Amino acid sequence: MSKRAERKIEHIQHAMSTGQQLKNGLEDITFVHQSLPNLSVNDIDLSTQVGELFLSSPLLINAMTGGGGEDTRIINEALSKAAGETNIAVAVGSQMSAIKDKSERPSYEIMRKVNPNGVIFANLGSEATVEQAKVAIDMLDANALQIHLNVVQELVMPEGDRDFTNALKRIENITKHISVPVIVKEVGFGINREFAFKLKEVGITAIDVGGYGGTNFSKIENLRRQRVLSFFNAWGISTAASIAEIHSENQNISIIGSGGIQNALDVAKAIALGSSMVGMAGYLLKIFIEGSYDDLVQEIKDILEDLKIIMTALGVSTIQELKQAPLVINGQTHHWLTERGIHTTTYSNR
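For the protein chain, an unreviewed UniProt entry supplies the name Isopentenyl-diphosphate delta-isomerase and the organism Metabacillus halosaccharovorans. Listed under Function (unreviewed entry) in UniProt, the entry text for the protein chain is "Involved in the biosynthesis of isoprenoids. Catalyzes the 1,3-allylic rearrangement of the homoallylic substrate isopentenyl (IPP) to its allylic isomer, dimethylallyl diphosphate (DMAPP)." Within the UniProt record for the protein chain, the comment given under Subcellular location (unreviewed entry) is "Cytoplasm".

**Digging into the overall build of the protein chain**
Secondary structure summary: the protein chain contains 16 helices and twelve strands in total. Taken over C-alpha atoms, the radius of gyration comes to 19 Å for the protein chain, in line with the 20 Å a tight globule of 350 residues would show. Considering only C-alpha atoms, the protein chain reaches an extent of 60 × 40 × 40 Å along its principal axes. A burial count over the protein chain gives 57% of its 350 residues as buried. Taking all contacts inside the protein chain whose residues are at least 6 apart in sequence as the whole, residues at least 24 apart take part in 75%. As displayed, the protein chain offers around 14,800 Å² of accessible surface, 49% of which is attributable to carbon and sulfur atoms. If the 32 positive side-chain charges of the protein chain are averaged to one point and the 40 negative ones to another, these points end up 5 Å apart.

**Some words on the pattern of salt bridges**
Charged atoms that come close allow side chains of opposite charge to pair. Per the counting criterion, the structure on display carries 13 salt bridges. Residues Asp 208 and Lys 185 are paired through a salt bridge, measuring 4.0 Å at the closest nitrogen-oxygen approach. With Asp 208 in strand β9 (residues 206-208) and Lys 185 in strand β8 (residues 182-186), this residue pair connects regions lying 23 residues apart in the sequence. With a relative accessible area of 8%, Lys 185 lands in the buried category. Across the pair Arg 340 and Glu 194 runs a salt bridge whose closest N-O atoms are separated by 2.6 Å. Placement of the pair is Arg 340 in the loop between α15 (331-339) and α16 (345-348) and Glu 194 in helix α8 (residues 193-201), with a sequence separation of 146 residues.

**Thoughts on the layout of surface pockets**
What the second largest pocket holds in volume is close to 470 Å³. What lines the second largest pocket is a set of 26 residues, and nearest its centre among them are His 247, Gln 251, Gly 274, Lys 323 and Gln 324. If you list the elements that add at least two residues to the lining of the second largest pocket, you get β2 (48-50), α10 (239-249), α14 (319-322) and α16.

**A few points about helix α13 (residues 293-314)**
Here α13 spans 32 Å end to end across 22 residues, near enough to the 32 Å set by a 1.5 Å rise per residue. Buried residues of α13: Tyr 293, Leu 296, Val 297, Glu 299, Ile 300, Ile 303, Leu 304, Leu 307, Ile 310, Met 311, Thr 312 and Leu 314, and no others. Positive phi appears at Gly 315, one or two residues downstream of α13, with a value of about 75°.

**Description of the sheet that holds strand β11 (residues 277-280)**
Within the closed barrel, the eight strands sit side by side as β4-β5-β6-β7-β8-β9-β10-β11. Their pairing is parallel. Across this sheet, the average inter-strand angle for adjacent strands is 25°, counted without regard to direction. Against the sheet, helix α7 (residues 167-177) touches β7 (144-149) and β8, its axis set at about 180° to β7.

**Points about the UniProt feature "domain: FMN-dependent dehydrogenase" (unreviewed entry) in the protein chain**
The sites that UniProt annotates as "domain: FMN-dependent dehydrogenase" (unreviewed entry) are residues 81-325. Helix makes up 49% of residues 81-325 and strand 13%. Its end C-alpha atoms lie 33 Å apart.

**Focus on the pairing of β11**
Where a strand is regular, its side chains alternate between the two sheet faces. Residues Met 277 and Gly 279 point to one face of β11 and Val 278 and Met 280 to the other, with burial holding for every one of them. Pairing geometry for strand β4 (residues 59-61) and β11, over three bridges, is parallel. Bridge pairing links Leu 59 to Val 278 in β11. Where strand β10 (residues 254-258) meets β11, three bridges bridge the pair, whose relative direction is parallel. Bridge pairing links Ile 256 to Met 277 in β11.

**Thoughts on the packing of aromatic side chains**
Within the structure shown, the criterion is met by two aromatic pairs. On the numbers, 4.9 Å between centres and 70° between planes, the contact of Phe 232 with Trp 235 is edge-to-face. Here Phe 232 falls in the buried class, since its relative accessible area comes to 10%. Here a set of aromatic residues connected by ring pairs shows up, and it is made of Phe 231, Phe 232 and Trp 235. In this structure, Lys 81 is placed above the aromatic ring of Tyr 293, and the distance from its NZ or CZ to the ring centre is 5.3 Å.

Definitions and limits used
Residues numbered from 1 in each chain as written. Predicted model: local features only at pLDDT ≥ 70, side-chain atom pairs only at ≥ 80, totals over all residues. Heavy atoms only, no water. UniProt positions renumbered as here; feature names shortened; annotations may be inferred. Helix = DSSP H or I, 4+ residues; strand = E, 2+ residues; numbered from the N terminus. Rg over C-alpha atoms; globule rule 2.2 N^0.38 Å. Buried < 20%, exposed > 50% of the residue type's maximum accessible area, 1.4 Å probe, protein only. Contact = heavy atoms within 4.5 Å. Areas by Shrake-Rupley, 256 points an atom, 1.4 Å probe, with all protein chains shown as cover. Lys, Arg positive; Asp, Glu negative; His and termini not counted. Charge placed at Lys NZ, Arg CZ, Asp CG, Glu CD. Salt bridge = Lys/Arg side-chain N within 4 Å of Asp/Glu carboxyl O. 1 Å grid on protein atoms, 1.4 Å probe; cavity = no way out; pocket = protein on both sides within 12 Å on 5 of 7 lines; lining within 4 Å. Points joined across faces, edges and corners; volume = space filled by probe spheres on them. Expected span 1.5 Å × (residues − 1). Pairing = 2+ DSSP bridges. Axes fitted to C-alpha atoms, helices over the stretch in contact; angles between N-to-C directions. Phe/Tyr/Trp six-rings, centres within 6.5 Å; stacked < 30°, edge-to-face > 60°. Lys NZ or Arg CZ within 6 Å of the ring centre and 35° of its normal.

Written out as structure tokens, the structure reads:
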């Protein structure tokens, strides 16, 4: 097994041991109760649009793994098969392993084999070239390409990258020369509104905030270091604050809310803050690894059913209507947004 493949396995093991932060800011969000909604659960429509993609559900099994041999093949097979069975989208982990070592391709290709008609996102880092992006997309017959941003992870990673110059230019070049939509995704540290605007300028129509509060890749990489860079362990913008930041000034860009999403209420809150789609990763991986494939499928079905129940209570029948549901922002999230000049009353009085 290559050193890159060994690292993929270590990431899975450390992700399970470190868990999720459970401080994604969504605990600061409270919906304004509607006493008598004129609605039935049977009226709920979960379809949504993310950039150029039209989807039957706002739930996404977000990027996790691949390139770690048989162990990661088994995980990706289960995740993609479950996505197909529940009719939701799924993303693969970074495919650079398979681009550099063709023997790792089966751990990625399995996703399309078991989910031939599903929506699957390819995934590469910001160091990727146009040619590599095309290979990654072809490998999965992918519907979109995620380009992940993991600067802090790379800086903490003992063997990680140290040079990030011209990354935005590479993203722009890929966007111009591939045939599927590009989604830019953070990996646990959030995206601010200023950078979101820069992404929009280079042609990006969808951003996955990957906010602080989920799997912490600084902690994971610090477990692999002799000299710990502890100052990065609490670094980043929370999921809630990041969604609200981007939504406040970039109304025409689609947001995928992710980072520590645990249940249907988190999903509903992320959508009401401005997301069109919500990604879950570590939580679902834990259910599969500690339980079974059937447990994973049932949990996804339960989350979708619970989301319909929550939407009924709020009196909203579509995802677009949920994005306009009134809510109150408290605590640290309110403080952050206020300091950043974002008026939270636009959420509470709509």
